[in-house]
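Examination of the molecular architecture
What follows is each chain in one-letter form.
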Amino acid sequence: MPLRTHFLAGALALAALPAAATDDITVGDAYARSSGAMAASGAAFMVIENHGGANDRLIAAASDVAKRTELHTHREDDMGVMRMIHVEEGFDVPAGGTLEMRRGGHHVMFLGLSEPLEQGDSVMLTLEFETAGEVTVEVPVDLERQPMHGAGRGQGGQMN
Ligand SMILES: [Cu+2]
């Protein structure tokens with residue numbers, strides 16, 4: 001007659017505490033640049049991942065390296081010229097999805113730099129998400145990094 005002993009699992013690990021909302025958002029491959037020591041503006045690029053189960057949205061960015069920090073994108077105008085525009089409504093970061101901010105596309109814009117962005121320095125950047133709240137990241141300045149794709153230019157030719 002086997003003895004059956006039930007042990008209470010009193011020592012259950014508490015490691016699986018609910019994550020704070022901001023743990024759902026990770027920021028990778030971030031860097032900031034400007035086009036030279038005299039540049040009045042600069043930009044930051046990164047890849048934002050949403051590991052959570054709810055859609056989120058990047059709605060604002062803040063930094064003290066510039067007078068204004070805005071969310072921008074590039075859009076081709078009627079003439080086939082790429083123009084930079086301020087996107088006030090921000091960018092979607094879908095559940096389980098990724099927001100890529102890359103050269104020639106979405107970016108964080110620094111307008112009115114308080115001092116030049118120098119190679120090796122870093123910029124503290126606070127991203128504000130609709131759901132996850134504020135996420136502050138340290139963004140290294142990398143003036144040498146090249147765009148992933150060749151410099152995109154208008155296709156020219158007939159745009160009619
Ligand atoms: Cu811009």
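Each remark here, short or long, concerns the structure printed above.
I will try to describe carefully the structure that is included in this document. Computed from a prediction, not measured in an experiment: that's the story for all the values here. (Residues numbered from 1 in each chain as written. Predicted model: local features only at pLDDT ≥ 70, side-chain atom pairs only at ≥ 80, totals over all residues. Heavy atoms only, no water.)

**Some thoughts on the coordination of the copper ion**
Looking at the metal site, the copper ion is ligated by His72 (ND1), Met84 (SD), His107 (NE2) and Met109 (SD), spaced 2.1 to 2.3 Å from it. Coordination at the copper ion is tetrahedral, judged from the four donor atoms that bind it and the angles of 94 to 117° they form at the metal. Linear spacing of the donor residues for the copper ion on their chain is H-x11-M-x22-H-x1-M. Classification of His107 as buried rests on a relative accessible area of 1%. A relative accessible area of 6% places Met109 in the buried class. (Donors = N, O, S within 2.8 Å, 3.2 Å for Na, K, Ca; no water. Tetrahedral: all angles 85-135°; square planar, octahedral: opposite > 155°, others 65-115°. Buried < 20%, exposed > 50% of the residue type's maximum accessible area, 1.4 Å probe, protein only.)

**Some points on the sheet that holds strand S9 (residues 122–129)**
With antiparallel pairing, four strands are arranged side by side in an open sheet as S6-S3-S9-S10. Every other strand in the sheet has two partners, leaving strand S6 (91–93) and strand S10 (133–140) as the edge strands with one partner each. Across the sheet, the axes of successive neighbouring strands diverge by a mean angle of 40°, strand direction being ignored. The pairing of strand S3 (residues 56–62) with S6 spans three bridges and is antiparallel. Bridge assignment links Arg57 to a residue of S6, and that residue is Asp92. (Pairing = 2+ DSSP bridges. Helix = DSSP H or I, 4+ residues; strand = E, 2+ residues; numbered from the N terminus. Axes fitted to C-alpha atoms, helices over the stretch in contact; angles between N-to-C directions.)

**Things to note about the environment of Arg75**
By the element assignment, Arg75 lies in strand S4 (residues 66–76). C-alpha of Arg75 to C-alpha of Gly104: the two residues are 29 residues apart in sequence and 8.9 Å apart in space. For Arg75, the contacting residues outside a window of four places in its chain are Val81, Met82, Arg83 and Ile85. (Contact = heavy atoms within 4.5 Å.)

**What to know about the pattern of salt bridges**
On inspection of all chains with the given rule, the structure shows six salt bridges. Between Arg57 and Asp92 there is a salt bridge, with its nearest N and O atoms 2.8 Å apart. Taken together, the positions of Arg57 in strand S3 and Asp92 in strand S6 put the pair 35 residues apart, joining distant regions of the chain. A residue is classified by how much of its surface remains accessible, and Arg57, at 19% relative accessible area, is buried. Of the charged contacts in the structure, one is a salt bridge between Arg83 and Asp77, with a shortest N-O distance of 2.6 Å. Because the salt bridges share partners, they merge into one network encompassing Asp29, Glu100, Arg102 and Arg145. (Salt bridge = Lys/Arg side-chain N within 4 Å of Asp/Glu carboxyl O.)

The quantities given are spatial measurements derived from coordinates; they are silent on function.
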